[in-house]
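Read off the chains here:
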Amino acid sequence: MEHEMKFPPPAIPGYDNKFVLWVSVILIIVVLYSTYLHHFRPQILRVPSNTDVSTWTNPKFEETCVYDRMSDAERAKVRAEGVPGNTLGDILFLDISSILVALLCFFHARKHYGKWMAFCFLIGSFVFTGLQESMWILYGRFTGTSAMVGLGEQVYGTYWFTKGGLWFFETPVSMCLGWFYVAYGCVWMASKALPKSGLVKRAVLGGLLAMTVDLWMDPVATSPELMSWVWATGDIIRIFGIPQTNFLGWFLLIFVFAILWETLPLWEKRLGRAKATGYFFIVVIAADLAVLAFQYPWCRALRGILVAMGFQHGLQIPPGW
Amino acid sequence: MKSWRRFWRNRIEFYPAFSIFIWYAVGSVLSSLRVQNRPGIVTLGLITIPVVVVFIIAVRRAWRELPAGS
């Protein structure tokens, strides 16, 4: 990161402190309100019950990827006991540990890039991923459809998270912070591994690293024993039981965000700090929508290729997952 | 001992590596041990070996780039 960004912007204490204060206040209000809605008014956002899976709609329990991966005994257990590992201790551990690890990355970013850049990464990535995930989740939940196009099976929605103490819309704060430190760590690794490469190459490597780490994390987190998040069936390609749109999303989000964040000092030079900050957040939200929209032609093109190759059902790699 | 002291004094430089280590080692490796009835889920981790290679390269380079005498 440093090699491309030769001149980390100098601090402007008056502006930086105001920016940090106001953005923090707005974020805290949104998180507190989302948390209240999720836990105390679940009917408003139709939050699926963790204790009674028979009430699930869009998708029903029988229309989820985890259902396909379960034995009959596991299905009966989840029907009787609900989502496993959903205790207060689990949730507190998840929230507190993600806050602590995110703080470490924030300290590193502040030391190397200054308070303004570090805060733009933290809040930008938090909002970027939180909005992206929440849009997907709510779109699937309220419409029963998604970008995924089925091949030989129906699509019943997208996915949702089952565990979290604090929420940002319908995404757990632990996931937003997890995304921040994984994105920051992967972009850092890419910059160390390819110190003389340009921004795009490093962003590609950062995106690939994050996607590869997720390739292991997701099948574990969505397993019948954990069920930390739940996917609807219906994607044309499932890799280890996870729809391919998930991995595409991880790559694209980190790739795009790394480029936007590293371009921030150039925007500041041209526009000044206040305007560059506003511009950055507008572009971040626009990129969120663009990544979401990209999934539609992507899924349709992929389906077209599979149909042309003679497939009548979606691919499961490896078979049986 | 000297290396350990040098590492501790400059620990902030390794925080991003630590965060990936936590996600990878605790999130993926340890969690996969809880998945009792899915033989092969640990084997799945073999796919992620390139991440370990890049991780080691990054940490080694960060170590070499520490200021002399620190």
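What counts and how
Note on numbering: residues in each chain are counted from 1, in written sequence order. A letter from A marks each chain and a number from 1 marks each ligand, given out in the order of writing. Residue-level local features of this predicted model are given only where pLDDT is at least 70; pairs of side-chain atoms are given and counted only at 80 or more, and the full residue set underlies all totals for whole chains, interfaces and linings. Only hydrogens and water are set aside when side-chain values are computed; all heavy atoms of the structure are taken into account. Within this document, salt bridges are pairs made up of a side-chain nitrogen of Lys or Arg and a carboxyl oxygen of Asp or Glu, the two lying within 4 Å of each other. Secondary structure elements are defined from DSSP: runs of H or I of at least 4 residues count as helices, runs of E of at least 2 residues count as strands, and each element is numbered from the N terminus. Note on classification: 1.4 Å probe, protein chains only; a residue is buried when its accessible area is under 20% of the maximum for its type, exposed when over 50%, partly exposed between these limits. Pairing between two strands is assigned when DSSP locates at least 2 bridges connecting them. By the convention used here, residues are in contact when the closest approach between their heavy atoms is within 4.5 Å. In short, buried area is how much 1.4 Å probe accessible area vanishes from two parts on joining, totalled over both. Here a polar contact is recorded for every N or O atom pair within 3.5 Å, except that within protein the pair must consist of a potential hydrogen donor and a potential acceptor, and residues adjacent in sequence are included only if both atoms are side-chain atoms. Here the term charged refers only to Asp, Glu, Lys and Arg, the term nonpolar to Ala, Val, Leu, Ile, Met, Phe, Trp, Tyr, Cys and Pro, and the term polar to all other amino acids, Gly among them.

Student: Please provide a residue-by-residue account of the pattern of salt bridges, values included.
Tutor: Residues and elements named next belong to chain A. A full pass over the atoms with the stated rule returns 9 salt bridges over all chains. Among the salt bridges present, the one from Arg-273 reaches Asp-16, with a minimum N-O distance of 2.9 Å. With Arg-273 in helix H8 (residues 273-308) and Asp-16 in helix H1 (residues 13-40), the pair connects residues that are 257 residues apart, well separated along the chain. Each member of the pair, Arg-273 together with Asp-16, is buried. Salt-bridge contacts for Glu-262 lead to Arg-202; the nearest nitrogen and oxygen are separated by 3.4 Å. Taken together, the positions of Glu-262 in helix H7 (residues 244-271) and Arg-202 in helix H6 (residues 199-221) put the pair 60 residues apart, joining distant regions of the chain. A single salt-bridge network, built from bridges that share partners, covers Asp-16, Glu-268 and Arg-273.

Student: Go over the sheet that holds strand E5 (residues 237-239) of chain A with me, naming the residues and quoting the values.
Tutor: Residue and element names in this part refer to chain A. Across the sheet, 3 strands lie side by side as E6-E5-E7; this open sheet has mixed pairing. Each edge of the sheet is formed by a strand with only one pairing partner; in this case those strands are strand E6 (242-243) and strand E7 (315-317). Alignment of E5 against E7, held across 3 bridges, turns out to be parallel. Pairing of Ile-239 across the sheet is with Ile-317, part of E7.

Student: Talk me through the interface of chain B and chain A; I want residue IDs and the actual numbers.
Tutor: Listed per partner, the contact involves 37 residues of chain B and 37 residues of chain A. Carbon and sulfur atoms make up 77% of the area that chain B and chain A hide from each other, which totals about 3,500 Å². Summed over the shared surface of chain B and chain A, the number is 2 salt bridges. Residue Lys-111 of chain A pairs with Glu-13 of chain B through a salt bridge whose shortest N-O separation is 2.4 Å. Here chain B is connected to chain A by 5 residue pairs in polar contact (both at pLDDT 80 or more). Secondary structure elements with two or more residues in the side of chain B that touches chain A: helix H2 (15-34) and helix H3 (49-64) of chain B. Ranked by residue count, the leading element in the side of chain B that touches chain A is H2 of chain B, at 15 residues. Tallied by class, residues from the side of chain B that touches chain A come to 22 nonpolar, 10 polar and 5 charged.

This is a description of form; function is not addressed.
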